[in-house]
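Overview (structure and organization)
Each chain, letter by letter, is given below.
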Amino acid sequence: MARDRSSRPEARPLRLFVAVDIPEAVMADIESVAAPFRDRVPLARWTGSHSWHVTLKFLGATWPRLVETVRAAVTTVAKGTPAFESELTSVGAFPSPTRARVLWVGLDDSAGILTNVARRLDDELSDDFVAEKRAFTPHLTLARLTPPRNLREFAPELEGMPVPSRRFRVDRLVLYQSHVSPRGATYEAVFSEPLAGGA
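My aim in this report is to walk through the structure given alongside it, one point at a time. Being a predicted model, the structure only gives us computed values, none of them experimental.

Attention now moves to the overall build of the protein chain. Of regular secondary structure, the protein chain possesses 4 helices and 10 strands. In the protein chain, the succession of helices and strands from N to C terminus is β-α-β-β-α-β-β-β-α-β-α-β-β-β. For 199 residues, the compact-globule estimate of 2.2 N^0.38 gives 16 Å, and the protein chain sits close to it at 18 Å. Reported as C-alpha extents along the three principal axes, the dimensions of the protein chain are approximately 60 × 45 × 30 Å. Relative to its 199 residues, the protein chain shows a buried fraction of 41%. When contacts within the protein chain are restricted to residue pairs at least 6 apart in sequence, long-range pairs at least 24 apart make up 79% of them. Of the roughly 10,800 Å² of accessible surface on the protein chain, a fraction of 52% belongs to carbon and sulfur atoms. Positive and negative side-chain charges of the protein chain, numbering 26 and 24 respectively, have mean locations separated by a distance of 6 Å.

In structure tokens, the structure reads:
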């Protein structure tokens, strides 16, 4: 009797994404902004600090045989990108404050380094992964709202609110695997690569 192919490891794709991490001190800055609003926005599913990464390339379901290809692409892009400094900017909503599905905090990318990294990852992985069609906006997700809500009815001051933040150094790219369960997602660092001049 032939073995069931669905039981083979290759038939179990991994959920992967490439991101940069946020220092714990900066996470405290984010929490100081989010905390007063956690009970004020109906039906919002607020994220916690364990998920506060800045995603540069979401790969989604990835066959194990492609992991080394992804690692090689991350290494190539990291070695060609200088370490740099950034900071949090302000709160935003996607697609709009009056029909918010996602609340997020932006990151300063005035030099375009994060945008360039996202583009280069798309280019390096174009043979195996679909390129992102939307313009890249460096951010981390604060909350998801289902159904979409009008923030101006519940928390109008959130729209465009500046987020006080210390500057922090971005010095590596991290490949993460997400594990989804009824209790929520957890994230495991699979691989990290220092940026040029990074630690």
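Picking up where we left off.
Summed over the entire model, instances satisfying the criterion amount to 13 salt bridges. D29 is the salt-bridge partner of R166, the closest N and O atoms lying 2.8 Å from each other. With a gap of 137 residues between them, R166 in the loop between α4 (151-154) and β8 (168-170) and D29 in helix α1 (residues 24-34) connect regions that are remote in the sequence. A salt bridge links E31 to R38; the nearest nitrogen and oxygen atoms lie 2.7 Å apart. Residue E31 is classed as partly exposed on the basis of its relative accessible area, which comes to 30%. Residue R38 is classed as partly exposed on the basis of its relative accessible area of 27%. Salt bridges here are not isolated pairs; linked through shared partners, they connect E85, E87, D108 and R167.

So, on to the side chain of Q177. By secondary structure assignment, the location of Q177 is in strand β9 (residues 172-179). Under the relative-accessibility criterion, Q177 is labelled buried at 14%. Beyond its immediate sequence surroundings of up to four residues, Q177 is in contact with L14, R15, L16, T186, Y187, E188 and V190.

The subject of this paragraph is the sheet that holds strand β5 (residues 88-94). An order of β2-β7-β6-β5 is seen for the 4 strands of this open sheet, with the pairing classed as antiparallel. Edge positions in the sheet fall to β2 (44-46) and β5, since each of these pairs with one other strand and no more. Adjacent strand axes in the sheet meet at a mean angle of 15 degrees when their direction is disregarded. Contacting β2, β5 and β7 (139-149), α1 crosses the sheet at an angle of about 50 degrees to β5.

For β2 and β7, the ladder comprises 3 bridges, and the chain directions are antiparallel. By the bridge assignment, A44 is partnered in β7 with L145. Strand direction decides the pairing type here: strand β6 (residues 100-107) and β7, joined by 6 bridges, are antiparallel. Looking at the pairing, V105 lines up with L140 of β7.

So, about the packing of helix α2 (residues 67-79) against helix α3 (residues 113-124). Their axes nearest at 10 Å, the elements α2 and α3 cross at an angle of 140 degrees. Taken together, the axis directions place α2 and α3 in an arrangement best described as oblique. Classified by chirality, the crossing of α3 by α2 is right-handed. Of α3, the residues touching α2 (which contributes A73, V74, T76 and V77) are V117, R120, L121 and E124. Of the residues assigned to the contact of α2 with α3, the class counts are 5 nonpolar, 1 polar and 2 charged.

Thresholds applied
- Residues numbered from 1 in each chain as written.
- Predicted model: local features only at pLDDT ≥ 70, side-chain atom pairs only at ≥ 80, totals over all residues.
- Heavy atoms only, no water.
- Helix = DSSP H or I, 4+ residues; strand = E, 2+ residues; numbered from the N terminus.
- Rg over C-alpha atoms; globule rule 2.2 N^0.38 Å.
- Buried < 20%, exposed > 50% of the residue type's maximum accessible area, 1.4 Å probe, protein only.
- Contact = heavy atoms within 4.5 Å.
- Areas by Shrake-Rupley, 256 points an atom, 1.4 Å probe, with all protein chains shown as cover.
- Lys, Arg positive; Asp, Glu negative; His and termini not counted.
- Charge placed at Lys NZ, Arg CZ, Asp CG, Glu CD.
- Salt bridge = Lys/Arg side-chain N within 4 Å of Asp/Glu carboxyl O.
- Pairing = 2+ DSSP bridges.
- Axes fitted to C-alpha atoms, helices over the stretch in contact; angles between N-to-C directions.
- Parallel < 35°, antiparallel > 145°, perpendicular 65-115°, else oblique.
- Left-handed = near helix turned anticlockwise from the far one by under 90°.
- Nonpolar A, V, L, I, M, F, W, Y, C, P; charged D, E, K, R; others polar.

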